[in-house]
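Residue-level structure breakdown
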Amino acid sequence: MSSALTDLFPHPIVQAPMAGGVSVPQLAAAVCEAGGLGFLAAGYKTPDGMYQEIKQLRSLTGRPFGVNVFMPQPESADPAAVDVYAHQLAGEATWYEAELGDPDSGRDDGFEAKLVVLRDNPVPVVSFHFGVPSREVVDTLHRVGTFVLAAATTPDEARAVERAGADGVIAQGVEAGGHQGTHRDLPETDRSGIGLLSLIAQVREAVTIPIVAAGGIMRGGQIAGVLAAGASAAQLGTAFLATHESGAHALHKQALTNPLFIRTELTRAFSGRPARGLVNRFLREHGPYAPAAYPEIHHLTSPLRKAAAKAGDAQGMALWAGQGHRMARELPAGQLVEVLAGELAAARASSTGGGVL
């Protein structure tokens, strides 16, 4: 990675932006203060809500940080399929005493307005998910001094990120928790994602820009592994989800290591887009029937997920988590960065013969 970007954070550790209230300013600040790159998640927030979080984060740390933005989605959902799924969820609405959400609540997540805020109030790093911005958008962010990253799940997507002029690509392996950052939502590619180490190798041969590796990383030794494979930094989400500063619901944090939730699965059940979460009742019962319809299904199920959380029912919540969730550590975020950095240093020393047998 270009030294100008890596100079922003001493440790090659990036805290993944987790939308839905997880990546709060307190979490990002703690990561930044410990030498990593903390991120805010603008997804599902209003432009003003994003701006207020940026202001709050700046009051907590003077170190560089990032903001993640969702790309607008094309209108590709079948309204009839959404209606059928809504009828299927009627029993959930009755059980939780909640109304289903309006699937037509908006498609672009305030994209243009958020860009205005980010141009008028520049932040050190902006990353994009669910697609790649135009060259014009990237250039406008560069002009205000912002580094630009974008997620990719295939070599072809990584090439698109490079063509747009981004400073780096976030190579997201299929192990990653939460939503896959695919540029196009194609049902025929469901469950065909590429594992992280293989993806790094393929992306390394496809582009010349730096790689941030994401997907299932929970330990410093794994960070050493992806760096050795060709990445310049590692992005961790689930590892930070369990930290003290994380805004995740307490039931979500507990579920990461709860023996009731033994595995993860990619599902469209909660949002209409493939996302990896802990397998619970809602995912098992509705995942096989959920249509490819994002953000319509996200809006439709939002009240149900909130009602389940309020009722203390983890079986009805979207428990996003990566494949390494059982390795989660309940630590302050700053301490976790320090532990990861120590593990990384030990792995590197061992690989060069400097370790102790």
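What comes next is a walk through the structure. (Residues numbered from 1 in each chain as written. Predicted model: local features only at pLDDT ≥ 70, side-chain atom pairs only at ≥ 80, totals over all residues. Heavy atoms only, no water.)

So, the overall build of the protein
On a plain count of helices and strands, the protein comes out with 15 helices and 11 strands. Relative to the compact-globule value of 21 Å for 357 residues, the protein shows a C-alpha radius of gyration of 19 Å, a close match. Once the C-alpha set of the protein is aligned to its principal axes, its extents read approximately 60 × 50 × 40 Å. Out of the 357 residues in the protein, the part that is buried amounts to 57%. Across the protein, the fraction of contacts at a sequence separation of at least 24, relative to all contacts at a separation of at least 6, is 70%. Summing over all exposed atoms, the protein offers an accessible surface of approximately 14500 Å²; the carbon and sulfur share of this is 53%. (Helix = DSSP H or I, 4+ residues; strand = E, 2+ residues; numbered from the N terminus. Rg over C-alpha atoms; globule rule 2.2 N^0.38 Å. Buried < 20%, exposed > 50% of the residue type's maximum accessible area, 1.4 Å probe, protein only. Contact = heavy atoms within 4.5 Å. Areas by Shrake-Rupley, 256 points an atom, 1.4 Å probe, with all protein chains shown as cover.)

Some details on the pattern of salt bridges
Tallying each qualifying case throughout the model produces 11 salt bridges. With a shortest N-O distance of 2.7 Å, Glu343 and Arg329 are connected by a salt bridge. One end of the pair, Glu343, is in helix α15 (residues 333-351); the other, Arg329, is in the loop between α14 (296-310) and α15, and 14 residues separate them in sequence. For Glu343, a relative accessible area of 24% translates into the label partly exposed. Judged by relative accessible area, Arg329 falls into the buried class, the value being 18%. Connected through shared salt-bridge partners, Glu92, Arg281 and Glu285 make up one network. (Salt bridge = Lys/Arg side-chain N within 4 Å of Asp/Glu carboxyl O.)

Let's talk about unusual backbone geometry
Residues Tyr294 and Pro295 are joined by a peptide bond in cis, for which omega reads 10°. Note that Pro295 resides in the loop between α13 (281-286) and α14. You will see that Asp109, though not glycine, has its phi angle at about 55°, which is positive. Secondary-structure assignment places Asp109 in the loop between α5 (90-96) and α6 (111-120). The exposure class assigned to Asp109 is partly exposed, which follows from its relative accessible area of 22%.

Structural notes on the nonpolar core
Nonpolar side chains in soluble globular proteins tend to be buried together. In this structure, Val67, Leu118, Phe128, Val169, Ile223, Leu236 and Phe240 are the most contacted members of the largest nonpolar core, which totals 101 residues. Sequence-distant contacts of Val169, that is, excluding residues within four places in its chain, are made with Ala150, Ala152, Ala158, Val161, Val203, Val207, Ile209, Pro210, Ile211 and Val212. Val14, Phe147, Val212 and Ala233 belong to the second-largest nonpolar core, a separate cluster that totals 14 residues. (Core = buried A, V, L, I, M, F, W, Y, C linked by side-chain atoms within 4.5 Å.)

Digging into the sheet that holds strand β7 (residues 178-179)
Strands sit in the order β7-β11-β10 across an open sheet of three strands; the sheet is antiparallel. In this open sheet, the two edge strands, each paired with only one partner strand, are β7 and β10 (264-267). Both β10 and strand β11 (residues 275-278) contribute to a ladder of four bridges, which runs antiparallel. The partner of Glu265 across the bridge, within β11, is Gly277. (Pairing = 2+ DSSP bridges.)

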